[in-house]
Amino acid sequence: MPPTSSPAAAAPTPRLSARDVQVLDNPAWFSLTGPHARFALGDDLARRYPGDVAPFVAVRDWNDPGVWDRLHRLVGPSAEIGLNGAPDALPDGWEVLGGGSGVQLVETDVLSPRPEPEAVLLGADDVPEMLAIVERNQPGPFLPRTHELGRYIGIRRDGRLIAMAGERLHPSGWTEISAVSVDADHRRQGLASRLVLDVAFHIQQRGDRALLHAAATNVGAIAAYERLGFVLRRHTTFAAVRTPAVDPS
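In this text the structure is predicted, and so the values were computed from the model without any measurement.

## Section: the packing of aromatic side chains
Evaluated as defined, the whole model comprises six aromatic pairs. Aromatic side chains Tyr49 and Phe56 sit 6.5 Å apart centroid to centroid with 75° between the ring planes, which places their arrangement in the edge-to-face category. Taken together, a centroid distance of 4.9 Å and an interplanar angle of 70° make the contact between Trp68 and Trp94 edge-to-face. Taken together, the residues span a long stretch of sequence, with Trp68 in helix α3 (residues 67-75) and Trp94 in the loop between β4 (80-84) and β5 (95-107) at a distance of 26 residues. Judged by its relative accessible area of 13%, Trp68 is buried. Aromatic ring contacts, followed pair by pair, group Phe39, Tyr49 and Phe56 into a single cluster. Arg47 extends its terminal NZ or CZ atom over the ring of Trp29, reaching a point 5.9 Å from the ring centre.

Pasting the structure below:
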């Protein structure tokens, strides 16, 4: 009789309310209208971060007939911006420059965050090194004032910043872990996991829960986050677009 294999363990299921679903489906909007409102440029239909803080724009509802004109006025003519969850069909004059697929992961009860003794806090004085490690590792957008969005930590070896992680989007009740970077000659030592667990620990200490975003093609990172206790919640799409060249005013 052939051996039987045991069924694969079911993925942990996060406890999400209807409000959580609403917030997680539009995290940039609920950041800019919530904990990050102090950074927000725009109004009750479209908002954005300052250009040296983060590249994200957000809208309340893509089905609102005025959303495209409002976005155009907000960012100006011939501006290149990234859109998340926008309809495939763009209005006349809007040009698609590129795009891709991503995933959103959220914490579950399996996650066991803990402080990292080797981690040091990073701030304004560390920005040149933070920009440099992001340039070397390309974890996603990081600008001169991105560190103002939340708590950033790193690990130094011989005085050099060789690993980093921190907090970016902050929709109500949640905080995004971002900028997870480890230099090539220090990988496979568990540094990324240790920093992610530290960031998640301090997020939970505030009463929030942790989420992550990753490119859908980054299967290694996704698998690593799942081993820590995150679960893939949804697939996302993003597009790089250029606004019409005409003056929106």
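Following the structure, the description resumes.
## Digging into helix α5 (residues 191-205)
Over its 15 residues, α5 extends 21 Å from the first C-alpha to the last, a length consistent with the 21 Å expected when each residue adds 1.5 Å. Of all the residues in α5, the buried ones are Leu191, Leu195, Val196, Leu197, Asp198, Val199, Ala200 and Ile203. On its buried side, α5 packs onto β7 (152-157), β8 (160-167), β9 (174-182), β10 (209-215), α6 (219-228) and β11 (230-242). Once α5 finishes, Gly207 follows within two positions and takes phi at roughly 95°, a positive value.

## Looking at the side chain of Arg209
Its place among the elements puts Arg209 in strand β10. Residue class for Arg209 comes out buried when judged on its relative accessible area of 19%. A distance of 2.6 Å separates a polar atom in the side chain of Arg209 from the backbone oxygen of Arg15. In terms of polar contacts, Arg209 uses its side chain to reach the side chain of Asp20, at 2.7 Å.

## Thoughts on α3
All of the buried residues along α3 are Val67, Trp68, Leu71, His72 and Val75. Buried residues in α3, looked at end-on, bunch into an arc of 135°, giving them a common side. Taken together, the buried residues of α3 touch β2 (46-48), β3 (57-59) and β4. Downstream of α3 by one or two residues, Gly76 has phi in the positive range, about 95°.

## Structural notes on the confidence of the model for the chain
Per-residue confidence for the chain averages 94 on the pLDDT scale, and 96% of its residues sit at or above 70. Segment residues 1-8: pLDDT under 50, and zero contacts once partners within four positions in sequence are set aside and those in other chains are kept.

## Points about the pairing of β9
Both faces of the sheet carry side chains from a regular strand, because those side chains alternate between them. Summarising burial for β9: nine of the nine residues are buried, a large majority. In this structure, β9 lies alongside β10, joined through four bridges in parallel fashion. Bridge pairing in β10 links Thr175 to Ala210. Where the polypeptide runs from β9 across α5 and back to β10, its parallel neighbour, the crossover connection is right-handed.

## Looking at the side chain of Glu176
Position of Glu176 relative to the elements: it lies in strand β9. Among the polar contacts made by the side chain of Glu176, one reaches the side chain of Arg168 at a distance of 2.9 Å. A distance of 2.9 Å separates a polar atom in the side chain of Glu176 from a polar atom in the side chain of His213. Discounting chain neighbours no more than four positions away, the residues touching Glu176 are Gly166, Glu167, Arg168, Leu169, Leu211 and His213.

## With respect to unusual backbone geometry
Of note in the backbone geometry, Ser78 takes a positive phi value of approximately 55° without being a glycine. With phi around 55°, Ala179 is a residue other than glycine that occupies positive phi space. Mapped onto the elements of the fold, Ala179 is located in strand β9. For Ala179, a relative accessible area of 6% gives the class buried.

## Re the environment of Tyr49
Along the polypeptide, Tyr49 turns up in the loop between β2 and β3. Taking C-alpha positions, Tyr49 is 8.9 Å from His36, a pair spaced 13 residues apart along the chain. Setting aside residues no more than four positions away along its own chain, Tyr49 makes contact with Ser31, Leu32, His36, Phe39, Leu41, Ala54, Phe56, Leu149 and Leu169. Within the structure, Tyr49 has its side chain in polar contact with the side chain of His36 (distance 2.8 Å).

The rules behind these values
- Position numbers for residues start from 1 in each chain and track the written sequence from start to end.
- Whole-chain, interface and lining totals are the exception, using all residues; otherwise, since this is a predicted model, local features are given only for residues with pLDDT of at least 70 and side-chain atom pairs are given and counted only at 80 or more.
- To obtain the side-chain values, all non-hydrogen atoms of the structure were included, while hydrogens and water were left out.
- Here the aromatic set is Phe, Tyr and Trp, taking the six-membered ring for Trp, and pairing holds for ring centres within 6.5 Å; pairs whose planes are under 30 degrees apart are stacked, those over 60 apart are edge-to-face, and all others are tilted.
- Every helix listed is a DSSP run of H or I at least four residues long, and every strand listed is a run of E at least two residues long, numbered separately from the N terminus.
- Buried residues are those whose accessible area, probed at 1.4 Å on protein chains only, stays under 20% of the maximum for their type, while exposed residues exceed 50% and partly exposed ones sit between those limits.
- Both a distance and an angle decide whether a charge sits over a ring: NZ of Lys or CZ of Arg must be within 6 Å of the ring centre and within 35 degrees of the ring normal.
- Given the number of residues in a helix, its expected span is that number minus one, multiplied by 1.5 Å.
- By definition in these notes, contact holds between two residues if any of their heavy atoms fall within 4.5 Å.
- Two N or O atoms form a polar contact when they lie within 3.5 Å of each other; inside protein one atom must be a possible hydrogen donor and the other a possible acceptor, and for residues adjacent in sequence the pair counts only when both atoms belong to side chains.
- Taken from the helix axis, the directions to the C-beta atoms give the arc we talk about.
- pLDDT runs from 0 to 100 and stands for how confident the predictor is about each residue.
- For two strands to be treated as a pair, DSSP must find no fewer than two bridges joining them.
- Viewed with both strands pointing away, a crossover whose connecting path from the first strand over the helix to the second turns clockwise is right-handed.

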